[in-house]
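These are the residues of each chain, in order.
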Amino acid sequence: MSLISIVAREDFISVVTDIGDHQMMGDSDRIKEIIPDTAFIVSSGDEEYTNMAEDAADLLVKQGFCLKEIAESIQSSFIQERFSSQESGRGFEAVIAGYSLFGEAQYHVISNTKPMESFYPGHGESLFYVNGLEPMLVLERALKMHGMGTLSQAQAAQIHLLHEAAKFIPNVNRGASTFALKKAN
């Protein structure tokens, strides 16, 4: 699976992932906007699972579900026994991120190996996530070094993480794919 990093503040949400030139056969990594200028899904891992999650997100958006409900619905389908990575040997992780109807930043981490986690950065708060403990520590240091108060600072730290992670994580590519949402005024 690719490396996915998120930095979220009340005024922006940034995602950086490697473009995955060294992907394993059957893996897919994508960033897809599900609500223009408002929400996206970034996924990594098994291609079939990635496609299922994106299709479900698109359908649930059209049906008027909020981002947390979308994440919960997708997560519940992946905790079924037939999608478990222990059963199939196929890993999957995704982050659904965006802004609520009230303009509140949020992101939800879904996986077929662990429970869903939801995050809501408050006023002046920066929250971040990387799929992996060691990369999380590297991103934390990079954010302290580069800052995280602006989108450009956050993305500089996330790209730094990607370059560092490529040194110690097999199949992580140094090429960055970035996407950001800014809060509408």
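So, here's what we can say about the structure. Keep in mind that what you see is a predicted model, and the values were worked out from it rather than measured.

### Here's the deal with the overall build of the protein
Looking only at helices and strands, the protein features five helices and nine strands. Start at the N end of the protein and walk to the C end: the helices and strands fall as β-β-β-β-α-α-α-β-β-β-β-α-α-β. In the protein, which comprises 185 residues, the proportion classed as buried is 46%. For the protein, restricting intrachain contacts to residue pairs at least 6 apart in sequence, the fraction spanning at least 24 positions comes to 58%. Put simply, the protein shows about 9100 Å² of open surface, and 52% of that area lies on carbon and sulfur atoms.

### What about unusual backbone geometry?
The backbone of Asp37 sits at a positive phi, close to 60 degrees, despite the residue not being glycine. Structurally, Asp37 is set in the loop between β3 (27–35) and β4 (39–46). A relative accessible area of 63% places Asp37 in the exposed class.

### Concerning helix α2 (residues 67–78)
An α-helical turn contains 3.6 residues, so a residue and the one three or four places further along point in the same direction. Across its twelve residues, α2 extends 17 Å between first and last C-alpha, which sits within 8% of the 16 Å expected from 1.5 Å per residue. For α2, the full list of buried residues reads Leu67, Ile70, Ala71, Ile74, Gln75 and Phe78. Around the axis of α2, the buried residues are gathered within 125 degrees of arc, so they sit on the same side.

### Quick word on the nonpolar core
Residues Ile34, Ile41, Ile70, Ile74, Phe92, Ile96 and Ile110 are the most contacted members of the largest nonpolar core, which totals 17 residues. Of all the secondary-structure elements, those providing two or more residues to this core are β4, α1 (47–62), α2 and β5 (92–99). With residues up to four places along the chain from it excluded, the contact list for Ile96 reads Ile34, Phe40, Ile41, Leu67, Ile70, Ala71, Ile74, Gln106, Tyr107, His108 and Ile110.

### A word on the packing of α1 against α2
Running from N to C, α1 and α2 point in directions that differ by 145 degrees, and their axes come no closer than 10 Å. The two elements α1 and α2 cross, and the hand of that crossing is right-handed. In this structure, α1 uses Tyr49, Ala53, Ala56, Ala57, Leu60 and Val61 to contact α2, whose residues at the interface are Ile70, Ser73, Ile74 and Phe78. Looking at the contact of α1 with α2 residue by residue, the classes come out as nine nonpolar, one polar and no charged.

The rules we used
Residues numbered from 1 in each chain as written. Predicted model: local features only at pLDDT ≥ 70, side-chain atom pairs only at ≥ 80, totals over all residues. Heavy atoms only, no water. Helix = DSSP H or I, 4+ residues; strand = E, 2+ residues; numbered from the N terminus. Buried < 20%, exposed > 50% of the residue type's maximum accessible area, 1.4 Å probe, protein only. Contact = heavy atoms within 4.5 Å. Areas by Shrake-Rupley, 256 points an atom, 1.4 Å probe, with all protein chains shown as cover. Expected span 1.5 Å × (residues − 1). Arc of directions from axis to C-beta. Core = buried A, V, L, I, M, F, W, Y, C linked by side-chain atoms within 4.5 Å. Axes fitted to C-alpha atoms, helices over the stretch in contact; angles between N-to-C directions. Left-handed = near helix turned anticlockwise from the far one by under 90°. Nonpolar A, V, L, I, M, F, W, Y, C, P; charged D, E, K, R; others polar.

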